[in-house]
Amino acid sequence: MKTKLTVEEPSRKTPVRAEVDVLVVGAGPAGVMAACAAAGQGLRVMLIESRGYVGGNLTIGLPILGFLGRKGNQVIKGLPQAFIDRMRARGAASEHKPCRNHVSLTIIEPEAAKDELLGMLHDAGVELLMYVFCSDVIKEGDDVKGVIIESKEGREAILARTVIDCTGDGDVAWRAGVECHKGGADGGMQPPTLMFSMRGVDMPALRDAIVNHPDEFDMDVMPPEQFRTGKFITVGFRKKIQEARAAGYEIPVARTILITGMAEDEIWVNMSRVCGVDSTDPASYTEGELEARRQTYEVERYLRDYIPGFRNAWRDKVAAFMGIRESRVIVGRYVLTADDIVSCRRFDDAIGVASYPVDIHHSHGDDCTMVWCEDCYDLPYRMLVPEKVGNLLVAGRCASMTHEAMASARVMSSCMAMGEAAGRAARIAIAEGVPVADVDVDAVRKELADTGAYLR
């Protein structure tokens, strides 16, 4: 690797912007839940975000997968369900629908999600600061004492008794010296996707093709009857992609993944695929965004020419950023494994329950592998606790997991459950006067249960 040139910066004093009890970095699904859960009892809780809105992957057209377990029972409740309740009150979310492939799906309206999440933060009394990047951490010994932020106002510090890293990429943990890993044994990470939506889709024609002509319009594992009514995700049409490729179309995936939106004529398309993208490398991330956007035009052409219902549809929206499936994960006091998932393992320190399959989008090629557990599995508190760095919790897809386990727990329902647990643990630890690593997990579990979360 070529050695980078360096410059020497003069030493300087950095102004302190704020001193808070709990600082949450990253306002995605995990971060918003963490901030709301930490707030209360007179604590000052701040949430910082680099974008000009909150919600992360909840705002890019994805459905929320995994609210239900394999047996049809609801396994994600608490604050995540409170968010869904707010969305449903304004007609912006569907019911939790069982799904043969994804266990369950919940459709949401992305723009409404931004508003309702802001409402939750406001109601909880969380201080929100957007348009700032976390560029460094402040440490005393092995303990994190705050972060350095950069913005148009310059370089500032935010001091905190506890920091929760919900960046998705483990930015705070990595800068704090927490051991982190990327990808599988060969370092390969799951490729990201740039979502886009089509309007004017003839939904009856699409449903008719799947339900009444399954030999031609094939689904991988889902029965055709699943598509007769209600919201759905298609994963299939492999024959149509093969036909299109034979005709010269450049389709980056082996399967056609379509997701109904909240509007009756709306479909969100999950079919771009850019292998080799590293979201922690801005050059790689930039090239990935450009390539994904190029791919969407060919996918759009394919849909119009090969999939019933799309002939007169038009592109309506493109997500503001690619959905990143994988980047850094930390090494915590426990590393969740695929065996934990497929064996439906239970933990004494469980702070959440998850059910989504091990869904690995291959780092090379155009396909994926899915492995289901028979029921659901526990998320242990220790996976949120870095092994050697104190005053820090890590929640979301950057928590402590193997490459294979992350392929399951990365979905938004699980990330929200981890975020809620991290926020409640941070607040209880402050009340107890102990580090978050030493919090009474039974007290955290009791509060989670008392406030509506599901624990087996």
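The paragraphs below set out a description of the structure included in this document.

Calculation criteria
Residues numbered from 1 in each chain as written. Predicted model: local features only at pLDDT ≥ 70, side-chain atom pairs only at ≥ 80, totals over all residues. Heavy atoms only, no water. Helix = DSSP H or I, 4+ residues; strand = E, 2+ residues; numbered from the N terminus. Buried < 20%, exposed > 50% of the residue type's maximum accessible area, 1.4 Å probe, protein only. Contact = heavy atoms within 4.5 Å. Areas by Shrake-Rupley, 256 points an atom, 1.4 Å probe, with all protein chains shown as cover. Lys, Arg positive; Asp, Glu negative; His and termini not counted. Charge placed at Lys NZ, Arg CZ, Asp CG, Glu CD.

1. Side note on the overall build of the chain
So, step 1. The helix and strand tally for the chain stands at 11 helices and 21 strands.
So, step 2. Along the first, second and third principal axes, the C-alpha set of the chain runs to 65 × 55 × 40 Å.
So, step 3. Expressed as a percentage of the 456 residues in the chain, the buried residues total 61%.
So, step 4. Within the chain, contacts between residues separated by at least 24 positions form 71% of all contacts whose residues are at least 6 apart in sequence.
So, step 5. Accessible surface, the chain: about 18300 Å² in total, of which carbon and sulfur atoms supply 49%.
So, step 6. Of the charged side chains in the chain, 54 are positive and 66 negative, and the gap between their average positions amounts to 1 Å.

2. Concerning unusual backbone geometry
So, step 1. Of note in the backbone geometry, Tyr131 takes a positive phi value of approximately 65° without being a glycine.
So, step 2. The exposure class assigned to Tyr131 is exposed, which follows from its relative accessible area of 57%.
So, step 3. One non-glycine residue, Phe237, adopts positive backbone phi at about 55°.
So, step 4. Of note, Phe237 is situated in the loop between β12 (233-236) and α6 (238-246).
So, step 5. The class of Phe237 is buried, set by a relative accessible area of 0%.

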